[in-house]
Amino acid sequence: MALFNKKTRKKITAAVAAAVVLFCLVIELGQHIPGLGIPSWDELFTNADLSSTSVTPDGELQVYFIDVGNADSILIRQGEANALIDAGERGDGDDVLAYLNTQGVKKLDLVIATHPHADHIGGMTDVINGIEIDKFVMSFMPEDETPTTATYLNMLTALDEKNVTVEEAKSGTVYALGTAQLTVLAPLSESSEANNISVVTRLTFGERSFLFMGDAETAVENELLLSGAPLSADVIKIGHHGSDTSSSQAFLSKVDADHAIIPCGKGNSYGHPNADVLSRLEKMDVAIYRADVHGHIAIATDGKSLDISTQK
Amino acid sequence: MHYSIDRFEGDVAVLIDEQETVCNVPCTQLPDGAKAGDMLRFEDGRYLPDDEATRARREQILRLQNKLRQK
């Protein structure tokens with residue numbers, strides 16, 4: 001004897017189908033209206049451990065925010081893999097190379113130049129000439145807005161002379177760094193502002209994640225919010241040295257990081273970081289680490305716990 | 001003396017000279033309509049637009065970019 005008769009079973013099936021459709025509609029609605037707190041499909045799958053990109057972490061992941069003053073340079077190490085995001089200003093290249101040397105890094109599997117401003121690619125020519133690089137990822141301005149600095153010219157010349165493989169950054173690309181994964185989230189569109197072609201990446205290792213914002217401004221943050229890409233992270237490298245061109249409340253809330261890293265220089269000429277951005281972070285109880293106060297910042301994780309140490 | 005406008009940080013224009021030295025200059029000192037990516041020359045104590053230098057440098061860089069992207 002069946003638990004329910006045919007009529008009841010039909011009603012239950014219809015009710016379940018309606019619930020599933022309603023659930024899908026709610027999630028889809030959430031993708032198009034940010035700020036409702038509705039998870040994205042990707043977040044649901046990741047939380048249910050159904051994500052196709054999850055890999056069992058092996059060993060430790062180390063992320064080093066190298067102090068290059070009011071500029072960016074980040075070293076990522078997992079297993080045998082080494083990656084570098086940006087190389088500070090001109091004059092920092094040798095310091096970055098020295099730092100890589102101290103860490104025992106003999107080769108860079110991946111280098112990302114987030115965007116062609118001199119405080120991110122200034123040291124790149126020295127790095128390209130000073131260490132073997134497997135792949136160099138960068139983004140490009142529209143042709144008629146291509147930068148004309150000697151810095152950019154020299155970087156491209158070095159890439160050409162050393163025959164480095166150059167790849168254009170594409171959102172959705174996932175680079176494996178040992179058992180960690182570095183996913184490109186942006187650029188999502190062309191821009192006349194180089195900050196907004198910043199290669200934005202999210203690094204995942206076990207249960208831990210990092211978001212590296214380059215100098216992406218709120219226009220890109222809004223695109224990212226609308227894209228439905230997973231943005232949650234334990235650590236956020238704050239965009240544009242803490243300037244208020246970036247780090248909107250809506251974006252910071254979505255990322256919901258416990259720790260924020262601000263690469264800013266003591267007494268820099270640009271007023272970085274901005275007081276409003278700091279205030280937003282403080283109100284969210286985010287632990288702030290700044291290059292001008294803490295020097296080099298090192299984060300290690302086994303995929304579960306995070307261990308943060310600073311130079312000062 | 002040639003400079004390229006790297007970027008703007010608020011009211012400050014960040015110029016890079018041909019030795020890659022960084023110079024921060026108030027925006028008010030730049031020619032009208034100056035944009036990031038423009039090349040300037042410094043003459044008689046003023047920054048003046050140099051459209052020809054901008055064009056030539058951009059062409060050189062685009063050739064290099066295309067070469068790198070095709071490898």
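Everything below is about the structure shown above.
Heads up: these notes are all about the structure in this document.

Criteria and cut-off values
Numbers given to residues run from 1 along each chain, matching the order in which its sequence is written. Chains and ligands are labelled sequentially in the order written, the chains with letters from A and the ligands with numbers from 1. Confidence filtering applies because this is a predicted model: local features only for residues at pLDDT of at least 70, side-chain atom pairs given and counted only at 80 or more, and all residues used for totals across whole chains, interfaces and linings. Hydrogen atoms and water are omitted, and side-chain values are computed over all heavy atoms in the structure. Each helix corresponds to a stretch of at least 4 residues labelled H or I by DSSP, and each strand to a stretch of at least 2 residues labelled E; elements are numbered beginning at the N terminus. What the globule rule says is 2.2 Å times the number of residues to the power 0.38, and the radius of gyration is computed from C-alpha atoms. Buried means the residue's accessible area, taken with a 1.4 Å probe over protein chains only, is under 20% of the maximum for its type, while exposed means over 50%, and partly exposed covers the values in between. Here a residue-residue contact requires only that any non-hydrogen atoms of the pair lie within 4.5 Å. Surface exposure here means Shrake-Rupley accessible area, sampled with a 1.4 Å probe, where a residue is shielded only by the protein chains that are shown. Lines fitted to the C-alpha atoms define the axes, with helices restricted to the stretch that makes contact. Angles between their N-to-C directions range from 0 to 180 degrees. With respect to orientation, any angle under 35 degrees is reported as roughly parallel, any angle over 145 as roughly antiparallel, any angle of 65 to 115 as roughly perpendicular, and every other angle as oblique. By convention the crossing between two helices is left-handed if the near helix lies anticlockwise of the far one by an angle smaller than a right angle, and right-handed if it lies clockwise. Ten residues, namely Ala, Val, Leu, Ile, Met, Phe, Trp, Tyr, Cys and Pro, are considered nonpolar, four, namely Asp, Glu, Lys and Arg, are considered charged, and the remaining ones, Gly among them, are considered polar. The term buried area refers to how much accessible surface (probe radius 1.4 Å) is lost by two components on association, counted for both of them together. Salt bridge, as used here, is a side-chain nitrogen of Lys or Arg placed within 4 Å of a carboxyl oxygen of Asp or Glu. In the analysis that follows, any N or O atom pair within 3.5 Å is treated as a polar contact, provided that within protein one partner can donate a hydrogen and the other can accept it, and provided that, for residues neighboring in sequence, both atoms belong to side chains. For Phe, Tyr and Trp, rings pair up if their centres lie within 6.5 Å, where Trp contributes its six-membered ring, and each pair is then called stacked (planes under 30 degrees apart), edge-to-face (over 60) or tilted (otherwise). Here, any two strands with at least 2 DSSP bridges between them count as paired.

## Focus: the overall build of chain A
Move 1: Within chain A, the regular secondary structure consists of 10 helices and 15 strands.
Move 2: Here the C-alpha atoms of chain A give a radius of gyration of 21 Å, agreeing with the 20 Å that 2.2 N^0.38 yields for 312 residues.
Move 3: Dimensions of chain A, computed from C-alpha atoms along their principal axes, come out at roughly 80 × 45 × 40 Å.
Move 4: Taking all 312 residues of chain A together, the buried fraction comes to 54%.
Move 5: Taking the contacts inside chain A whose residues are at least 6 apart along the sequence as the reference set, 63% of them involve residues at least 24 apart.
Move 6: Accessible area of chain A: about 13700 Å², with a carbon and sulfur share of 51%.

## A look at the environment of A:Thr165
Residues and elements named next belong to chain A.
Move 1: Position of Thr165 relative to the elements: it lies in strand β6 (residues 165–168).
Move 2: The spatial distance from the C-alpha of Thr165 to the C-alpha of Val184 is 18 Å, given a sequence separation of 19 residues.
Move 3: When neighbours within four sequence positions are excluded, Thr165 is seen to be in contact with Asp134, Lys135 and Phe136.

## Thoughts on the packing of helix α6 (residues 150–161) of chain A against helix α1 (residues 51–70) of chain B
Move 1: The geometry of α6(A) relative to α1(B) is characterised by a closest axis approach of 10 Å and an angle of 30 degrees between their N-to-C directions. As judged from the angle between their axes, α6(A) and α1(B) are roughly parallel. When you trace α6(A) past α1(B), the crossing you get is left-handed. Taken together, the residues of α1(B) that come into contact with α6(A) (itself represented by A:Ala150, A:Tyr152, A:Leu153, A:Leu156, A:Thr157, A:Leu159 and A:Asp160) are B:Arg57, B:Gln60, B:Ile61, B:Leu64, B:Gln65, B:Lys67 and B:Leu68.
Move 2: Broken down by class, the residue content of the contact of α6(A) with α1(B) amounts to 8 nonpolar, 3 polar and 3 charged.

## Quick notes on the interface of chain A and chain B
Move 1: The partner chain B presents 29 residues to the 31 residues of chain A that form the contact.
Move 2: Of the roughly 2800 Å² buried between chain A and chain B on both sides combined, carbon and sulfur atoms contribute 52%.
Move 3: Between the two partners, chain A and chain B, sit 4 salt bridges.
Move 4: Residue B:Arg7 is joined to A:Asp119 by a salt bridge in which the shortest nitrogen-to-oxygen separation is 3.6 Å.
Move 5: Taken together, the connections running from chain A to chain B amount to 19 residue pairs in polar contact (both at pLDDT 80 or more).
Move 6: Counting only elements with at least two residues in the side of chain A that touches chain B, the list comes to α4 (118–121), α6 and β6 of chain A.
Move 7: For the side of chain A that touches chain B, the element with the highest residue contribution is α6(A), accounting for 9 residues.
Move 8: Looking at the side of chain A that touches chain B, its residues break down into 11 nonpolar, 12 polar and 8 charged.

## Quick look at the packing of aromatic side chains
All names here are of chain A.
Move 1: Summed over the entire model, instances satisfying the criterion amount to 5 aromatic pairs over all chains.
Move 2: When the ring of Phe210 is compared with that of Phe212, the centres are 6.3 Å apart and the planes differ by 10 degrees; the resulting orientation is stacked. Pair check on accessibility: Phe210 and Phe212 agree, each one buried.
Move 3: Following the ring pairs from residue to residue traces out a cluster consisting of Phe65, Phe210 and Phe212.

## Some remarks on the sheet that holds strand β2 (residues 74–78) of chain A
Residues and elements named next belong to chain A.
Move 1: One open sheet accounts for 8 strands, arranged β6-β5-β4-β3-β2-β1-β14-β15; its pairing is mixed. The sheet is open, and its two edges are formed by β6 and β15 (306–310), each paired on a single side. For this sheet, the mean angle separating the axes of adjacent strands, direction not counted, is 15 degrees.
Move 2: Pairing of strand β1 (residues 61–65) with β2, which is carried by 5 bridges, proceeds in the antiparallel orientation. Looking at the pairing, Leu61 lines up with Gln78 of β2.

## Details of the environment of A:Ala186
Residue and element names in this part refer to chain A.
Move 1: You can see Ala186 is positioned in strand β8 (residues 180–186).
Move 2: The buried category is assigned to Ala186, whose relative accessible area is 0%.
Move 3: Aside from chain neighbours lying at most four places away, what touches Ala186 is Ser171, Ser198, Val199, Val200, Val220 and Leu224.

## A word on the sheet that holds strand β13 (residues 287–290) of chain A
Residues and elements named next belong to chain A.
Move 1: Strands sit in the order β7-β8-β9-β10-β11-β12-β13 across an open sheet of 7 strands; the sheet is mixed. Strands with a single pairing partner mark the edges of an open sheet, and in this sheet they are β7 (174–177) and β13. When strand polarity is set aside, the average angle formed by the axes of neighbouring strands in this sheet is 20 degrees.
Move 2: Strand direction decides the pairing type here: strand β10 (residues 208–212) and strand β11 (residues 235–237), joined by 3 bridges, are parallel. Its bridge partner lying in β11, Phe212 is registered against Lys237.
Move 3: Of the strands in this sheet, β12 (259–262) and β13 are in contact with helix α9 (residues 275–283), which crosses β13 at around 140 degrees.

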